[in-house]
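Residues per chain, in single letters:
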Amino acid sequence: MPLPFLTADRAFDTQADDVALPFDDHDQWRRPYRPGPWRVGAAAVLLLLASFVLIAAMIIAFAGALAGAGVFSLLGAVVIGAALRLLRMGVWVSRHGLRRVAFFTTSTMQWSRTSELRTVQQPVRWLGLPRTVQGQALVVARQGGPLTLLTDRNADFLSRPEAFDRAADTVEAWGAEYRNA
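Residues numbered from 1 in each chain as written. Predicted model: local features only at pLDDT ≥ 70, side-chain atom pairs only at ≥ 80, totals over all residues. Heavy atoms only, no water.

Details of the nonpolar core
Next, step 1: Core analysis: the biggest nonpolar cluster contains 20 residues, and Leu98, Leu149 and Leu150 have the highest contact counts within it.
Next, step 2: Breaking this core down by element, the ones donating at least two residues are strand S1 (90-93), strand S5 (132-142), strand S6 (147-151) and helix H3 (161-178).
Next, step 3: Element by element, the count of residues in this core is highest for H3, at seven residues.
Next, step 4: Those residues in contact with leucine 149 that lie beyond four places of it in its chain are Val91, Leu98, Arg100, Leu117, Leu138 and Val140.
Next, step 5: Core analysis: the second largest hydrophobic core is formed by five residues, Val120, Val124, Ala137 and Val139 among them. (Core = buried A, V, L, I, M, F, W, Y, C linked by side-chain atoms within 4.5 Å. Buried < 20%, exposed > 50% of the residue type's maximum accessible area, 1.4 Å probe, protein only. Helix = DSSP H or I, 4+ residues; strand = E, 2+ residues; numbered from the N terminus. Contact = heavy atoms within 4.5 Å.)

In structure tokens form, the structure reads like this:
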């Protein structure tokens, strides 16, 4: 006998529309799309690993080896930081410009320094790995050469082509609105 489980706003077993997040204040940095399931899943696995490492640190501390407990506590904090940074990765927009957050670097460019945002077919990296496959990429043309912002094969959009199209259109709309402003 199937039981209908309900969430706060919809039935559990129905397919929800993946709508973009609302933007209230255009001066604040916002990601114009939701993080994908691959990115959230990887961060969840890292947080699970961090919990085991921190439990090990607690056991080591109760055993009396405080130096080892400190090392494992530090390792747990590094893993938690990596999971949070993984969730923060992506493209962020505001009225001031475009921000690309990678794992180790963050680059920001003003809208006035971008000349064109467009979606192109090109070889893209699959989940950020060295292997390339044919896919779509959102590319920004700038003075230093083109920069790939989003691909349909990264951790946010793998197997979600409609979410990639919506995110690319949203970033292009932000660029069209604020590039000449």
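There is more to say after this.
Here's the deal with the sheet that holds strand S4 (residues 114-125)
Next, step 1: The strand order across the open sheet built from three strands is S4-S5-S6, with neighbouring strands paired in antiparallel fashion. Either end of the sheet is taken by a strand with one partner, and the two such strands are S4 and S6. With strand direction ignored, the average angle separating the axes of adjacent strands in the sheet is 30 degrees.
Next, step 2: With four bridges joining them, S5 and S6 adopt antiparallel strand pairing. Counterpart to alanine 137 in the pairing with S6 is threonine 151. (Pairing = 2+ DSSP bridges. Axes fitted to C-alpha atoms, helices over the stretch in contact; angles between N-to-C directions.)

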